[in-house]
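Secondary and tertiary structure notes
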Amino acid sequence: MPIYEYEHLEEPCALGKMFDVEQSIHDKPLKQCPECAGPLRKLISRTYISTPKTNSELRDLGFTKLVKRDDGVYENVTARDGDSRYMERGKPGTIPKISKTIKD
Ligand SMILES: [Zn+2]
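Residues numbered from 1 in each chain as written. Predicted model: local features only at pLDDT ≥ 70, side-chain atom pairs only at ≥ 80, totals over all residues. Heavy atoms only, no water.

Some points on the overall build of the protein
Tallying secondary structure elements over the protein gives two helices and six strands in all. Counting helices and strands in the order they occur from the N terminus, the protein gives β-β-β-α-β-β-β-α. Here the protein holds 104 residues, and the buried ones make up 29% of them. Long-range pairs, those at least 24 residues apart, make up 23% of the contacts in the protein with a sequence separation of at least 6. Element-wise, carbon and sulfur atoms account for 53% of the exposed surface of the protein, whose accessible area totals about 7600 Å². (Helix = DSSP H or I, 4+ residues; strand = E, 2+ residues; numbered from the N terminus. Buried < 20%, exposed > 50% of the residue type's maximum accessible area, 1.4 Å probe, protein only. Contact = heavy atoms within 4.5 Å. Areas by Shrake-Rupley, 256 points an atom, 1.4 Å probe, with all protein chains shown as cover.)

See below:
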C-alpha cells in the first residue's frame, strides 16, 4: 500500500511533527491525526514504496542503479555476478544483463 506523509498543523503529538501513514489509494486523505485528533496537512507523497537505502537492498529488490562516473561511463553499483561493473557508452557488452536478473 502507498505511504502518505502528513504534517501536524498545530502542536505535534507522539507521532512527531510529520509522520507516515500507510493507506489504500481508495482511502480519503486524513484530516485529523489518528493519535491526537489534531488538524493535518497531507504532504506530497515522496514515493509509493518506501525507498530502500543501500545499494545491496536495491540489488536484492531487482533494481539496477547506475552512477555516472565520467562522460559516458557509469558504474553499476548494484552489479551482480557476471555483470560488468562499469558501463561505457558504445560498448554493449558492458550493459547490465537485465534478462539474466529477471527470472520470471
Ligand atoms: Zn497527532
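With respect to the side chain of H8
The topology assignment puts H8 in strand β1 (residues 3-8). A distance of 2.8 Å separates the side chain of H8 from the backbone oxygen of G16, its partner in a polar contact. Every residue in contact with H8, bar those within four places of it in the chain, is listed here: C13, L15, G16, K17, F19, C33, C36, P39 and L40. (Polar contact = N/O pair within 3.5 Å; in protein donor to acceptor, adjacent residues only side chain to side chain.)

Quick notes on the sheet that holds strand β6 (residues 86-88)
As summarised here, the arrangement of the three strands in space is β4-β5-β6, forming an open sheet in which the pairing is antiparallel. Each edge of the sheet is formed by a strand with only one pairing partner; in this case those strands are β4 (66-70) and β6. Averaged over all pairs of adjacent strands, the angle between their axes in this sheet comes to 35 degrees, without regard to strand direction. As defined by bridge partners, strand β5 (residues 73-76) adjoins β6 across three bridges and the pair is classed as antiparallel. Looking at the pairing, Y74 lines up with M87 of β6. (Pairing = 2+ DSSP bridges. Axes fitted to C-alpha atoms, helices over the stretch in contact; angles between N-to-C directions.)

Some points on the pairing of β1
Counting buried positions over the six residues of β1 gives five, a clear majority of the element. Across three bridges, the pairing between β1 and strand β3 (residues 40-42) is antiparallel. Opposite E7, over in β3, you have R41 as the bridge partner.

Focus: the nonpolar core
Core analysis: the biggest nonpolar cluster contains seven residues, these being Y4, Y6, C13, F19, V21, C33 and L40. Of all the elements in the fold, those that place two or more residues in this core are β1 and β2 (18-22). (Core = buried A, V, L, I, M, F, W, Y, C linked by side-chain atoms within 4.5 Å.)

Structural notes on the confidence of the model for the protein
Chain-level statistics for the protein give a pLDDT mean of 82 and a share of 85% at 70 or above. Of all helices and strands in the protein, the one with the weakest mean pLDDT is helix α2 (residues 98-101) (59), whereas β3 scores best (93). (pLDDT = per-residue confidence, 0-100.)

Details of the sheet that holds β3
Taken in spatial order, the three strands of this open sheet run β2-β1-β3, and their pairing is antiparallel. Of all the strands in the sheet, just β2 and β3 have a single pairing partner and so form its edges. The average angle at which neighbouring strand axes cross in this sheet is 35 degrees, direction not considered.

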